Amino acid sequence: MMGLPLTVTTAHRVDQAAGSAVGAAGWRWLRQAAQMADLPSGRPMLPAGPHGSAEPGLTYLPRVAMRTPSADPGSISAARRFATQTMQRWGLADREADLTTVVSELLTNAVRHGLPLAANPPGRPIRLGLLHTGAAVMCAVTDPSERLPVPREPCWLAENGRGLHVIAALSDQWGACPAPGQAGKVVWATFSTAPLSAP
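Right, let's walk through the structure included here. (Residues numbered from 1 in each chain as written. Predicted model: local features only at pLDDT ≥ 70, side-chain atom pairs only at ≥ 80, totals over all residues. Heavy atoms only, no water.)

1. Quick word on the overall build of the protein chain
As a reminder, the rule being used: Note on conventions: DSSP H or I runs of at least 4 residues are helices, E runs of at least 2 residues are strands, and numbering of each starts at the N terminus. Residue burial is assigned from relative accessible area. The probe radius is 1.4 Å, only protein chains are included, and a residue is buried under 20% of its type maximum, exposed over 50%, and partly exposed in between. Should any heavy atoms of two residues lie within 4.5 Å, those residues are counted as being in contact. Accessible areas in this description were obtained via Shrake-Rupley with a 1.4 Å probe; residue shielding takes into account the shown protein chains only.
Across its full length, the protein chain holds 5 helices and 8 strands. From first element to last, N terminus to C terminus, the protein chain shows the α and β order β-α-α-β-β-β-α-α-β-β-α-β-β. Buried positions account for 45% of the 199 residues belonging to the protein chain. Sequence separation of at least 24 residues holds for 68% of the intrachain contacts in the protein chain that already meet a minimum separation of 6. Total accessible area computed for the protein chain in this model is approximately 10,200 Å², and 55% of it derives from carbon and sulfur atoms.

See the structure below:
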């Protein structure tokens, strides 16, 4: 069966969409992952403006970009391009290669393991999110399976089983948490970034 092409939730700054469904609820799963990761806020990115307000305790909002890939393994290369273009647009080329490799591993795991284990995957898609706070960038993937990933020691002849080891080696930290308000999980990885220069 052929998968749907990669669909786009346009990469956007959260303050520009905070009043919309995408801004208010559409990235709730990504905010929860950032809280679980204790993502450092670093230098403020974007002031809260008339289109929305920051999270409690924050004065500024992060940059967010999201996509909803299909379950087709061919969509992973499109997601890598999306991650590369987003990192370049955000001026984060120093962590681009590591992050795009981790995006590939997270999506591969979601397609291989997250969808087959889910009871009703068609209504609950895989989602990819990137969040930049200024001090760090996080990539996260949600899928409808509730089974959290556990690293295993792969056989040295095996062609798979190394994805979580790659994620751990390339990111500063990674983890997983239940998806907020629905069945499924979010798997995330964080990357520290160079401080931004003053405007």
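2. A word on the nonpolar core
Going by this rule: Nonpolar cores were defined as sets of buried Ala, Val, Leu, Ile, Met, Phe, Trp, Tyr and Cys residues, with membership established by side-chain atoms within 4.5 Å.
Leu-99, Val-103, Leu-107, Leu-130 and Cys-139 are the most contacted members of the largest nonpolar core, which has 27 residues in total. Among the elements of the structure, helix H3 (75-89), helix H4 (96-117), strand S5 (127-132), strand S6 (136-143), helix H5 (163-170) and strand S8 (185-192) are those that each provide at least two residues to this core. The next biggest cluster of nonpolar side chains, apart from the first, holds 17 residues, and it includes Trp-29, Ala-34, Val-64 and Val-186.

3. Comments concerning the environment of Trp-90
Within the secondary structure, Trp-90 sits in the loop between H3 and H4. Among all residues touching Trp-90, those that are not within four sequence positions of it are Arg-63, Val-64, Ala-65, Leu-130, Leu-131, His-132 and Val-137.

4. Observations regarding the side chain of Ser-104
Applicable threshold: Under this definition, polar contacts are N or O atom pairs within 3.5 Å; protein pairs additionally need one hydrogen-donor-capable and one acceptor-capable atom, and for neighbouring residues in sequence, both atoms have to be side-chain atoms.
Among the secondary structure elements, Ser-104 is positioned in helix H4. Its relative accessible area of 12% is what places Ser-104 among the buried residues. There is a polar contact of 2.9 Å between the side chain of Ser-104 and the side chain of Arg-80. The residues contacting Ser-104, other than those within four sequence positions of it, are Ile-76 and Arg-80.

5. A closer look at H5
Three- or four-residue spacings in an α-helix give side chains the same orientation, since the helix completes a turn every 3.6 residues. Under the convention used in this document: In this context, the arc is that of the directions from the helix axis out to the C-beta atoms.
By the burial criterion, the buried members of H5 are Gly-163, Leu-164 and Ile-167. Considered in projection along H5, the buried side chains sweep an arc of 95° and stay on one side of the axis.

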